Amino acid sequence: MYTPEFAADPHAAYEEMRRRHGSLVPVLLDPDVPATLVIGYHTAVQILHDPERFPADPRRWEAGLAADNPVRPMMEWRPNALRSAGMEHARYRGANVFSLGGVDLHGLRTVVQDVAIGLINELCQAGEADLITQYAFPLAFQVLNTLLGCPPEIGERVAKGMASIFEGIDAEAGNAMLAAALAELVLLKKAHPANDVTSRLLQHESGLDVTEMVHQLACIYGAGIEPQQNLIANTLLLILTDERFSGDVLDGNLAVRDALDEVLYQDPPMANYAISYPPYPVQIDGVWLPADQPVLISMSACNNDPAIASDQRTGNRAHLAWSIGPHACPAQPAAYLIAQAAIDQILDALPEMELAVPADQLVWRPGPFARALAALPVTVPGSPPIPLR
């Protein structure tokens, strides 16, 4: 799952997996990291609702993993909700739900629109652009920094560290860079609290210390930059290339929300994740899974399981892209809003933009976890800048 060949056509790989193995597939996330990939929708739902047999705490597993293994930063234990179980998980999740619940969604839409207009105005005279490096990434980055009250100079180090972790390139150094930058943000907010997610985390009754704060923020940044930019980019690719959406969205017959849901079914930005680590051998679907070995949910393969196949996905949000159960993403409303507002804004401003290369020449970044384009080049007809409010 770490090869460029898998990244180029994961759906063909999932089909072959299903033919050979059924719902539970032995895979390699790295040459030294065996795991089980869950590709059956109903099996995934069962696992995601069973945190006792499938807890998210990886500490026993990672004891035998090299410190510099490239997938370790994406999977290792951290004192946050994503990598904890039991009372620890409840404590951390409570703090995250509290801090994210304070986000003003109306104000967030305004933030997204303002950031988008600034980026679009830089594109509209260029004639061509990469919608990832020049739009989706900087938009996700700037909006999340605003939500967390993070100054740009700290945010840049956070983004570099997070990119290294997701790509598995210099991941150990990226992990260290991320932790140092986030510790600096925590100390800044302790001294100067404000109405932002970081300050609300610090104010929560759970009394998170600096180390715990760093790891809550790492989780929020991990979910808020890479997956968010990939959701925006993958949805723009769908709208630019799929006749069901390219005309209807621009003509107003289908909403951007429908295109987003199609992507969350077909090519969710986190394709394979929601990792658990059974503490003892567990039998499911007639298969014994070994103790202390990762079990990953393939949101992408499960969403496209023939057992739940449907020709009608408009308005259907039964996909697993946000996970379900006790570890379901608590930031869904904000994530949907950011992606939808970003896409609405660029389609309104540049309705005649087109893909600059054939779709089959686009390159997908390798890695077992994310479904991410390396670039999304488009041609952009010249247009006057959008007036700022």
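What counts, and where the lines are drawn
- Residues numbered from 1 in each chain as written.
- Predicted model: local features only at pLDDT ≥ 70, side-chain atom pairs only at ≥ 80, totals over all residues.
- Heavy atoms only, no water.
- Core = buried A, V, L, I, M, F, W, Y, C linked by side-chain atoms within 4.5 Å.
- Buried < 20%, exposed > 50% of the residue type's maximum accessible area, 1.4 Å probe, protein only.
- Helix = DSSP H or I, 4+ residues; strand = E, 2+ residues; numbered from the N terminus.
- Contact = heavy atoms within 4.5 Å.
- Pairing = 2+ DSSP bridges.
- Axes fitted to C-alpha atoms, helices over the stretch in contact; angles between N-to-C directions.
- Salt bridge = Lys/Arg side-chain N within 4 Å of Asp/Glu carboxyl O.

Chemist: Help me understand the nonpolar core, please; the structure alone is not making it clear to me.
Modeler: Taken as a class, soluble globular proteins show a tendency for nonpolar side chains to be buried jointly. Judged by nonpolar contacts, the single largest core of 121 residues is most densely connected at Tyr-135, Leu-139, Phe-369 and Leu-376. No other element matches helix 17 (residues 332–349), which puts 11 residues into this core. Apart from the residues within four sequence positions on either side, Phe-369 is in contact with Leu-29, Val-71, Met-74, Met-75, Pro-269, Met-270, Ala-271, Asn-272, Tyr-273, Ile-275 and Leu-296.

Chemist: It is not clear to me how the side chain of Gln-216 should be interpreted in this structure. Could you clarify?
Modeler: The topology assignment puts Gln-216 in helix 12 (residues 210–224). Classification of Gln-216 as buried rests on a relative accessible area of 0%. Sequence-distant contacts of Gln-216, defined by excluding residues within four places in its chain, comprise Pro-79, Asn-80, Ala-81, Tyr-92, Asn-96, Leu-201 and Leu-208.

Chemist: Just to check I follow, could you spell out the sheet that holds strand 9 (residues 377–379) for this structure?
Modeler: Within the open sheet, the three strands sit side by side as 3-9-8. Their pairing is antiparallel. For this open sheet the edge positions go to strand 3 (128–130) and strand 8 (354–355), each flanked by a neighbour on one side alone. Pairing analysis gives three bridges linking strand 3 to strand 9, with the strands arranged antiparallel. Within strand 9, the position partnered with Ala-129 by the bridge is Val-378.

Chemist: Explain the side chain of Asn-230 here, please?
Modeler: Of note, Asn-230 is situated in helix 13 (residues 226–241). Discounting chain neighbours no more than four positions away, the residues touching Asn-230 are Pro-269, Arg-365, Ala-370, Arg-371 and Ala-372.

Chemist: Please explain the sheet that holds strand 4 (residues 272–276) as it appears in this structure.
Modeler: Strand pairing in a sheet relies on backbone hydrogen bonds. The paired strands run either parallel or antiparallel. The four strands are arranged 1-2-7-4 in an open sheet whose pairing can be described as mixed. Each end of this open sheet is capped by a strand with a single partner; those strands are strand 1 (24–30) and strand 4. Taken pair by pair, the neighbouring strands of this sheet meet at an average axis angle of 40 degrees, ignoring direction. Pairing of strand 2 (residues 33–38) with strand 7 (residues 295–298) involves three bridges; the strand directions are parallel. The partner of Leu-37 across the bridge, within strand 7, is Leu-296. Sheet strands touched by helix 2 (residues 10–21): strand 1, strand 2, strand 4 and strand 7. Its angle to strand 1, the strand with the most contacts, is close to 135 degrees. Sitting on the sheet, helix 3 (residues 41–48) touches strand 1, strand 2, strand 4 and strand 7, and the angle it makes with strand 7 is about 130 degrees.

Chemist: For this particular structure, what's the right way to read the pattern of salt bridges?
Modeler: Under the counting rule described, the total for this entry stands at 14 salt bridges. Salt-bridge contacts for Glu-88 lead to Arg-59; the nearest nitrogen and oxygen are separated by 3.4 Å. Note that Glu-88 is positioned in helix 6 (residues 86–101) and Arg-59 in helix 4 (residues 59–62), a separation of 29 residues in sequence. The residue Asp-196 makes a salt bridge to Lys-189 at a minimum N-O spacing of 2.9 Å. Take Asp-196 and Lys-189: they sit in the same class, and that class is buried. Here the residues in one salt-bridge network are Glu-62, Arg-72, Glu-76 and Arg-78, joined through shared partners.

Chemist: Hey, could you run me through the pairing of strand 7 in this one?
Modeler: Along any regular strand the residues' side chains alternate between the sheet's two faces. Where burial is concerned, the two faces of strand 7 agree: the one with Val-295 and Ile-297 and the one with Leu-296 and Ser-298 are both buried. In this structure, strand 4 lies alongside strand 7, joined through three bridges in antiparallel fashion. Counted as the bridge partner of Tyr-273 is Ile-297 from strand 7.

Chemist: What's the story with unusual backbone geometry in this structure? I'm lost.
Modeler: Only a minority of non-glycine residues have a phi that is not negative, and only a minority of peptide bonds are not trans. Backbone geometry places Ala-274, a non-glycine residue, at a positive phi of 45 degrees. One can find Ala-274 in strand 4. Not every positive phi belongs to a glycine, and Asp-292 is a case in point at roughly 55 degrees. Looking at where Asp-292 falls in the secondary structure, it is placed in the loop between strand 6 (287–289) and strand 7.

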